[in-house]
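The lines below spell out each chain.
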Amino acid sequence: SGPTIGRAMVVNASQLSSYSQVKQFFLDKNVIKDGLLLHFVSSMISGFVTTVFSMPVDIVKTRIQNMKTIDGKPEYKGATDVFLRTVRKEGFFSLWKGFLPYYFRLGPHTVLTFIFIEQMNKMYATVVLKDASAGRGL
């Protein structure tokens, strides 16, 4: 469970922080007004950033989960061993093998997640708080 928890931490930290930062950057620079387009663009960029940061952790996690036991001994000693062996044998950029399929899965997931959250925040502000101007969420 350790590698899965580590991956979840990296995904959440990179996804939430990059979305908020990108969205705020666009708002501050008056590039895109607050709305669906801003949420879409910010979440696609967030999905890209999340893919870059989470793929190495995901590869390590997957290899640990799929490791074999050879003569009663596990194939790897731990996450660091997997990481170092992978880089040594396959090269540094092998940690991002399958980048596009991973992004094509994570990008839309991120878009749907953040658009849903933004719409829920807006609805909460207008219906519960009775404040239409407080609709800006994350």
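Please read all numbers here as calculations on a predicted model, not as lab measurements. (Residues numbered from 1 in each chain as written. Predicted model: local features only at pLDDT ≥ 70, side-chain atom pairs only at ≥ 80, totals over all residues. Heavy atoms only, no water.)

Draft legend 1. Fine view of the environment of T86. Assignment of secondary structure puts T86 in helix α3 (residues 79–90). Given the relative accessible area of 3%, T86 is considered buried. Taking C-alpha positions, T86 is 10.0 Å from P56, a pair spaced 30 residues apart along the chain. Not counting the four nearest positions on each side in its chain, T86 is found in contact with R63, G91, S94 and L95. In terms of polar contacts, T86 uses its side chain to reach the side chain of R63, at 3.1 Å. (Helix = DSSP H or I, 4+ residues; strand = E, 2+ residues; numbered from the N terminus. Buried < 20%, exposed > 50% of the residue type's maximum accessible area, 1.4 Å probe, protein only. Contact = heavy atoms within 4.5 Å. Polar contact = N/O pair within 3.5 Å; in protein donor to acceptor, adjacent residues only side chain to side chain.)

Draft legend 2. Representation of the environment of S17. Tracing the backbone through its elements, the reader meets S17 in helix α1 (residues 2–28). It is 28 Å that separates the C-alpha atoms of S17 and V87, two residues lying 70 residues apart in sequence. A distance of 2.6 Å separates a polar atom in the side chain of S17 from the backbone oxygen of A13.

Draft legend 3. Structural detail: the confidence of the model for the chain. Overall, the predicted model of the chain reaches an average pLDDT of 91, with 96% of residues at or above 70. For the chain, the element scoring lowest by mean pLDDT is strand β1 (residues 69–70), at 86; helix α2 (residues 36–65) scores highest, at 95. (pLDDT = per-residue confidence, 0-100.)

Draft legend 4. Fine view of the nonpolar core. One finds M55, I59, F99, Y102, Y103 and L106 forming the largest nonpolar core, which totals six residues. Mapped onto this core, the elements with two or more residues apiece are α2 and α4 (99–128). By residue number, the principal contributor to this core is α4, which donates four residues. Residues within four places of F99 in sequence aside, it is in contact with F48, T51, V52 and M55. (Core = buried A, V, L, I, M, F, W, Y, C linked by side-chain atoms within 4.5 Å.)

Draft legend 5. Summary view of α1. Counted at 1.5 Å a residue, the expected span for α1 with its 27 residues is 39 Å, and the 39 Å between its end C-alpha atoms agrees. Turning to α1, its buried residues are R7, V11, S14, Q15, S18, Y19, V22, K23, F26 and L27. Positive phi appears at N30, one or two residues downstream of α1, with a value of about 55°. (Expected span 1.5 Å × (residues − 1).)

Draft legend 6. Summary view of a nonpolar patch on the surface. Nonpolar side chains collect at one region of the surface, where F116, M120, M123, Y124, V127, V128 and L129 lie side by side and expose about 720 Å² of accessible area between them. Relative to the helices and strands, V128 is located in helix α4. (Patch = residues over 30% accessible without salt bridge, like charges linked within 9 Å, V, L, I, M, F, W, Y side chains within 5 Å. Areas by Shrake-Rupley, 256 points an atom, 1.4 Å probe, with all protein chains shown as cover. Salt bridge = Lys/Arg side-chain N within 4 Å of Asp/Glu carboxyl O.)

Draft legend 7. Main features of α3. Taking 1.5 Å per residue, 12 residues should reach 16 Å; α3 reaches 16 Å between its end C-alpha atoms and fits that length. Every buried residue of α3 is listed here: D81, V82 and T86. End-on, the buried residues of α3 take up no more than an arc of 125°, which puts them together on one face. Within α3, the exposed residues directed more than 90 degrees away from the buried face are T80 and R88. The inward-facing, buried residues of α3 abut α2. G91, located one to two residues past α3, shows a positive phi value of around 95°. (Arc of directions from axis to C-beta.)

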